[in-house]
Amino acid sequence: MDNNTTLEHKKSAEYFLPVLPLKNLITIPKSIIPVVVGRDISIKAVDYALTANKELFVTAQRSTDIENPTVEDLFHVGTRSSILQVERMQNGTMRLLVEGISRAEIVQVVRTDEFFGVMACDLISTPLPESSQNIALWRSLVSLFKEYVSLNPKLSTDVLSLFRGLEDLDYLADTVAVQMQLDFDERREILELVDIKKRAHKLILLLKAEIEILKAEKSIRKRVQNQVEKHQKDYYLNEQLRAIQRELGREDYQQEISDLRAKAKKVKLSKDATDKVEAELKRLEQMQPTSPEATVSRNYVEWIISLPWNKVTKDKVTMKQAEDLLNNSHAGMKKPKERIIEFLAARKFAGEVLSKAPIVCLVGPPGVGKTSLALSIAKSLGREMVRISLGGMRDEAEIRGHRRTYIGAMPGKIVQAMRKAGVSNPVIVLDEIDKMAMDFRGDPASALLEVLDPEQNKDFADYFLEVGYDLSKVMFIATANIVDNIPYPLLDRMDLITLSGYTENEKVDIAKTFLLPKQLKEHALGKEQIILSENLLRKIIDEYTKEAGVRSLERILAKLMRKSIQMLLAKSTLKKVEITEELVEKWFGVPPFKRDDRKHDEAVGLVTGLAWTEVGGDTLDIEVAILKGKGALTLTGQLGEVMQESAQAAMSYIRSREKTLGLKEGFYSDIDAHMHMPEGGIPKDGPSAGIAITTALVSALTKIPVRGDIAMTGEVTLQGRVLAIGGLKEKLLAAIRLGIKTALVPKQNAKDVKEFEAELEGKIKIIFVENMDEVLKAALVRSPFDGHTGKKAAAKSSKKAVKKPSAAKIKKTSTKKKK
């Protein structure tokens, strides 16, 4: 026998392993445990093991308070363990699944820079010889473990079949230790007992104590069972009482349950729903009809059987009929109509194979007809439509419903809408999806992620129903004023269709075709009783409304009807009312939006910019005054950070081109520039005012006036390049409303203009620009480069702008304008 061998155990050859120190955790051979690794030395030890043989020396710390232990802080007896599984978490930690292989002992510490390394050896238990004493020890341990397994419902008796005889005593002892609920010190003691006989004696003592505890628990459970049997007896007596009540004709509760069961069979529920309803009906049969639980269960069953599970509306409308219906109900809106016709064509071609309905989001200013278009879409498809208003919604339960444990619980609005529709393939309009909010009650926008995902909504989970409900056949149409308020994961699930504001001709057409006939019908007036000329209608649109949609126009027409009725009632001989300009001014007062109100003549340091807002386009004056000073740039008008940066970039561009622009060297050192944007109560932001700001500054510095009939939009860079912007159609329509004749637009937006050029009706001249040299030559009454020696520099700066468009947009809410 050599130095590595004793009577109790033998030691294997030495090997090198990285150390994984644990707190309050002991691994025993034959055990598989999960471990979360977060310390740097532990992570590096695991990484080293993964590159080697996936083995670690796992041991426990003597104290849990030590975050950076040394070898002296660890128990020298541990477990040679193998890594079965590794999962790296987002916070940098690792989750391991570790299996103990053999007891091991530290022989020598090996210093490394990144982790603990040790030379260790296995502690191999010496098998016991076959003797009467050892066999008795084996039988005692097996007998106690069988009794322990029979008393512990968490353990399976299959584990007992793994042990055959005395030769398995080592395996049996470790298995018993793994299955028992031992504390830290007890597990460590078992680990350090390499001698099989001592380990078995220790486990016998621990098993006896644990068996006594389990017997006490069993006794307690028996007393509880006796109490349950008493409740069952009470139930039997209550059933007899209920039978007597039925004989007396007071209540036919059982018949009501039978009716519910028959209705459930007719509905053809899904398998999960059928099982759930049957379970609830069986519970109802055992409840008193007057108990609160019976009311909850009955309400739950009624909700499930009232939903449309397999009832669908067939798409009977032809493509031609759908196209005619859409064109007759809404003017313009080419893209939304095309999208619906595409779906109809695909459905006609693919039939029921195309099971997923499209999910569309209509985005546009208020009053352009988003909600009414959704209704027309439902009619064009021949489907039922339900509208859900999401504006101001804060509670996730509004979408997913309440759990039945709450008093007054009910399903969410989605399931309620399905019940109201009565079919499983309606059109559901999610109105004002950008107006949702979130608070401590949850985030309804996140709950909508499942609703609007075709891959998930076929098994939508409502908290009240507790069974999956198929929403994949539903066509969802969301409406929004601005997409920036919609979370990106939600926006990514929808086909985005933008509805721009209407041109003047479109508004006139809508008023004559839709709004005026509607108001005449609502006020019981005939066409011959009200005479309104097209010229006067255009004047009302131009001077009494300022909107992208037609909502204000409809209110004005409604007031015209009421005023006309007053005149008809005041004079019984009057048969018709001819509305004139004088009557309009008498009824509505002075026009609030005359085109000349914001037009101006040629002026130094005054530029008309174009703005995009969520209620349509708008114009905004930019004023610059040059004062004596020390080079300060003052910005007023409640400008946002992006717009302030645009002003600073514009000044830097001018300073870099001072010679080309005919300015003296260092001109900025003895002057102050003050830039102001009127309507200071409205916040403004965005990068697309860049070229307008630069033009205003150049005009003020060079004393060259800016043309009064020109407006502009575009982002500017330090090198004078003009970059693309968004919301161009709305901006150009705003310029037309103001009477602007010429607009300067980034050349990168030329492709966007082609899409709606026909809608501008040739009322505005568009000049595409690539750099500030072109902008200044077109906007100022004379070129600032004439007569100066900077022509080469000017030509050099006229580099071709990059083709990648700017993603920035200019925004405006009812209380916030962005430039």
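Residues numbered from 1 in each chain as written. Predicted model: local features only at pLDDT ≥ 70, side-chain atom pairs only at ≥ 80, totals over all residues. Heavy atoms only, no water.

### Some points on the packing of helix H16 (residues 504-522) against helix H18 (residues 551-570)
Two elements in contact, H16 and H18, have axes separated by 10 Å at closest approach and are oriented at 45 degrees. The orientation of H16 with respect to H18, classified from their angle, is oblique. The hand of the H16/H18 crossing is right-handed. Note on element contacts: H18 touches H16 through Leu-553, Glu-554, Leu-557, Ala-558 and Met-561, opposite Lys-507, Ala-511, Leu-515, Leu-516, Lys-518, Gln-519 and Leu-520. Considering only residue class, the contact of H16 with H18 consists of eight nonpolar, one polar and three charged. (Axes fitted to C-alpha atoms, helices over the stretch in contact; angles between N-to-C directions. Helix = DSSP H or I, 4+ residues; strand = E, 2+ residues; numbered from the N terminus. Parallel < 35°, antiparallel > 145°, perpendicular 65-115°, else oblique. Left-handed = near helix turned anticlockwise from the far one by under 90°. Contact = heavy atoms within 4.5 Å. Nonpolar A, V, L, I, M, F, W, Y, C, P; charged D, E, K, R; others polar.)

### Observations regarding the sheet that holds strand S13 (residues 475-480)
Strand order in the open sheet made by the five strands is S9-S10-S13-S8-S14, with parallel pairing throughout. Edge positions in the sheet fall to strand S9 (385-389) and strand S14 (495-498), since each of these pairs with one other strand and no more. Each strand axis lies, on average, 20 degrees off the axis of its neighbour in the sheet, ignoring direction. Of the pairings in the sheet, the one linking strand S10 (residues 427-431) to S13 comprises four bridges and is parallel in character. Directly across from Val-429, in S13, lies its bridge partner Ile-477. Lying over the sheet, helix H13 (residues 413-421) contacts S9, S10 and S13, oriented at roughly 155 degrees with respect to S9. (Pairing = 2+ DSSP bridges.)

### A look at the pattern of salt bridges
Taken as a whole and assessed by the stated rule, the structure comprises 35 salt bridges. Its salt-bridge partner being Arg-283, residue Glu-280 comes within 3.5 Å of it at the nearest N-O pair. Of this pair, Glu-280 and Arg-283 both sit in helix H7 (residues 271-285), three residues apart, which is roughly one turn of the helix. Residue classification places Glu-280 among the buried positions, given a relative accessible area of 4%. (Salt bridge = Lys/Arg side-chain N within 4 Å of Asp/Glu carboxyl O. Buried < 20%, exposed > 50% of the residue type's maximum accessible area, 1.4 Å probe, protein only.)

### Considering the nonpolar core
Leu-430, Ile-433, Phe-476 and Met-494 are the most contacted members of the largest nonpolar core, which has 57 residues in total. For this core, the element with the highest residue contribution is helix H8 (residues 292-306), accounting for six residues. Setting aside chain neighbours within four positions, we find Ile-433 in contact with Leu-390, Leu-448, Leu-452, Ala-478, Thr-479, Ala-480, Ile-486, Leu-490 and Met-494. Leu-362, Val-427, Ala-511 and Leu-560 belong to the second-largest nonpolar core, a separate cluster that totals 51 residues. (Core = buried A, V, L, I, M, F, W, Y, C linked by side-chain atoms within 4.5 Å.)

### Looking at the environment of Met-651
The topology assignment puts Met-651 in helix H20 (residues 641-656). The buried category is assigned to Met-651, whose relative accessible area is 10%. Along the chain, Met-651 and Val-224 lie 427 residues apart, while their C-alpha atoms are 84 Å from each other. Residues in contact with Met-651, not counting those within four places in the same chain, are Leu-633, Ala-673 and Leu-697.

### Looking at the packing of aromatic side chains
Applying the stated rule across the entire model yields eight aromatic pairs. Between the aromatic rings of Tyr-48 and Phe-115, the centroid separation amounts to 5.1 Å while the plane-to-plane angle is 40 degrees, which identifies the pairing as tilted. Remark: Phe-115 occurs in the loop between strand S6 (94-110) and strand S7 (117-125) and Tyr-48 occurs in helix H1 (residues 40-51); sequence separation between them is 67 residues. With relative accessibility at 34%, the residue Tyr-48 sits in the partly exposed group. Given a relative accessible area of 8%, Phe-115 falls into the buried group. Ring pairs connect the aromatic residues Phe-16, Tyr-48 and Phe-115, which therefore count as one cluster. Here Arg-403 stacks its cationic end above the ring of Tyr-463, 4.1 Å away from the centre of that ring. Sitting above the plane of the Tyr-300 ring, Arg-404 keeps its charged end 3.9 Å from the centroid. (Phe/Tyr/Trp six-rings, centres within 6.5 Å; stacked < 30°, edge-to-face > 60°. Lys NZ or Arg CZ within 6 Å of the ring centre and 35° of its normal.)

### Thoughts on helix H21 (residues 690-702)
With 13 residues, H21 extends 18 Å between its outermost C-alpha atoms, agreeing within 8% with the 18 Å of an ideal straight helix rising 1.5 Å per residue. By the criterion of burial, H21 is predominantly enclosed, with 13 of the 13 residues buried. (Expected span 1.5 Å × (residues − 1).)

### A look at helix H17 (residues 534-544)
Owing to its 3.6 residues per turn, the α-helix brings residues three or four apart onto one side. Among the residues of H17, those classed as buried are Leu-536, Leu-537, Lys-539, Ile-540, Ile-541, Glu-543 and Tyr-544. Among the structural elements, H16, H18 and helix H19 (581-588) are those in contact with the buried residues of H17.

### Structural notes on the confidence of the model for the protein chain
Close inspection of predicted coordinates is inappropriate for parts of the model with low pLDDT. Across the protein chain, the average pLDDT comes to 81, with 90% of residues at or above 70. Counting interchain partners and residues more than four positions distant, the pLDDT-below-50 stretch residues 1-7 has seven contacts. Contacts for the low-pLDDT stretch residues 789-819, under 50 throughout, to residues beyond four places or in other chains number 95 contacts. (pLDDT = per-residue confidence, 0-100.)

### Concerning the pairing of strand S25 (residues 765-769)
Taken together, the five bridges between strand S24 (residues 742-746) and S25 define a ladder with parallel strand orientation. By the bridge assignment for S25, Ala-743 is matched with Ile-766. Since S24 and S25 lie parallel, the crossover through helix H23 (residues 750-756) that links them has a hand, and here it is right-handed. (Right-handed = clockwise from strand over helix to strand, strands pointing away.)

### Some thoughts on a nonpolar patch on the surface
A cluster of nonpolar side chains, Ile-220, Val-224 and Val-228, forms an exposed patch at the surface whose accessible area comes to about 230 Å². In this fold, Ile-220 is placed in helix H5 (residues 196-247). The exposure class of Ile-220 is partly exposed, given its relative accessible area of 44%. (Patch = residues over 30% accessible without salt bridge, like charges linked within 9 Å, V, L, I, M, F, W, Y side chains within 5 Å. Areas by Shrake-Rupley, 256 points an atom, 1.4 Å probe, with all protein chains shown as cover.)

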